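Next come the chains, spelled out residue by residue.
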Amino acid sequence: MIQKGVFITFEGPEGAGKTTVIKELYKRMEEQGLKVILTREPGGIRIAEKIREIILDNDHQEMDAKTEALLYAAARRQHLVEKVMPALKDGMIVLCDRFVDSSLAYQGHARGLGIDEVLSINEFAISDTMPDLTVFFDINPEQGLARIAANDKREENRLDNESIHFHQNVYEGYQELIRRYPERIQSTDASLSKEQVTENVWKIICSQLIK
């Protein structure tokens, strides 16, 4: 069993289906009596949710890439100090939909700011707080975007509407991060059914963290 606070993050291209799977994992952990919270980035708390609205608003097409990166880092900092760090200190499992790897893949690689440059911005924001485990939902960008287009309940945001070239670059960025951090980042095939992906991710979490 988990004895101390554990920070698990979930990453992937748009339309990977991770948000749905994370909710299933959260329910399963609660049913097993584990102390767990579910949160997301950008967001999770009031200030960060307001920053999220600014970042993802379709009307903000003129947003500069560095502005975008800094806004993500600002939202991340507030979310950490207000929600994530206290939960970890209290011995909880924190399930977070996206974290610093998103900034490295989206702004660092896809926006061309540089992974190391965006990492330096975020190192200032997060101090030494990094995930114990990151699960990458692996799906090709075309399939992910097709899922979004087919889901009339999902509101498309500014990032969804980027070119396919941008989303391919995001995917490439994630592949670079997997090469850099093989001990922390574990991949799962997100093209499978929701039920199968949930089971596979659960197995990853159990094998890595629940002893």
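If you look the chain up in an unreviewed UniProt entry, it shows as Thymidylate kinase from Sporosarcina psychrophila. Per UniProt, the chain has the following entry under Sequence similarities (unreviewed entry): "Belongs to the thymidylate kinase family." Of the chain, the UniProt comment under Catalytic activity (unreviewed entry) reads exactly: "dTMP + ATP = dTDP + ADP".

> Where do I start with the UniProt feature "binding site: ATP" (unreviewed entry) in the chain in this structure?
If you check UniProt for "binding site: ATP" (unreviewed entry), the listed places come out as Gly 12, Pro 13, Glu 14, Gly 15, Ala 16, Gly 17, Lys 18 and Thr 19 in our numbering. Relative to the helices and strands, Glu 14 is located in the loop between strand 1 (6–11) and helix 1 (18–31). Among the residues examined, Glu 14 registers a relative accessible area of 7% and is labelled buried. You can see Gly 15 is positioned in the loop between strand 1 and helix 1. The contact partners of Gly 15, leaving out residues within four places of it in the chain, are Ile 139, Gly 144, Arg 147 and Ile 148.

> For this particular structure, what's the right way to read the nonpolar core?
A general tendency of soluble globular proteins is for nonpolar side chains to be buried together. Among the nonpolar cores identified, the biggest contains 38 residues, and Phe 7, Val 94, Leu 104, Tyr 106, Val 170, Tyr 174 and Leu 177 are the most heavily contacted of them. Those elements giving two or more residues to this core turn out to be helix 2 (46–56), helix 3 (65–89), strand 3 (93–97), helix 4 (100–110), helix 5 (115–126) and helix 7 (164–180). Among the elements that line this core, the one with the most residues is helix 3, at eight residues. Setting aside residues no more than four positions away along its own chain, Val 94 makes contact with Val 6, Phe 7, Ile 8, Ile 37, Thr 39, Val 84, Ala 87 and Leu 88.

Rules used in this analysis
- Residues numbered from 1 in each chain as written.
- Predicted model: local features only at pLDDT ≥ 70, side-chain atom pairs only at ≥ 80, totals over all residues.
- Heavy atoms only, no water.
- UniProt positions renumbered as here; feature names shortened; annotations may be inferred.
- Helix = DSSP H or I, 4+ residues; strand = E, 2+ residues; numbered from the N terminus.
- Buried < 20%, exposed > 50% of the residue type's maximum accessible area, 1.4 Å probe, protein only.
- Contact = heavy atoms within 4.5 Å.
- Core = buried A, V, L, I, M, F, W, Y, C linked by side-chain atoms within 4.5 Å.

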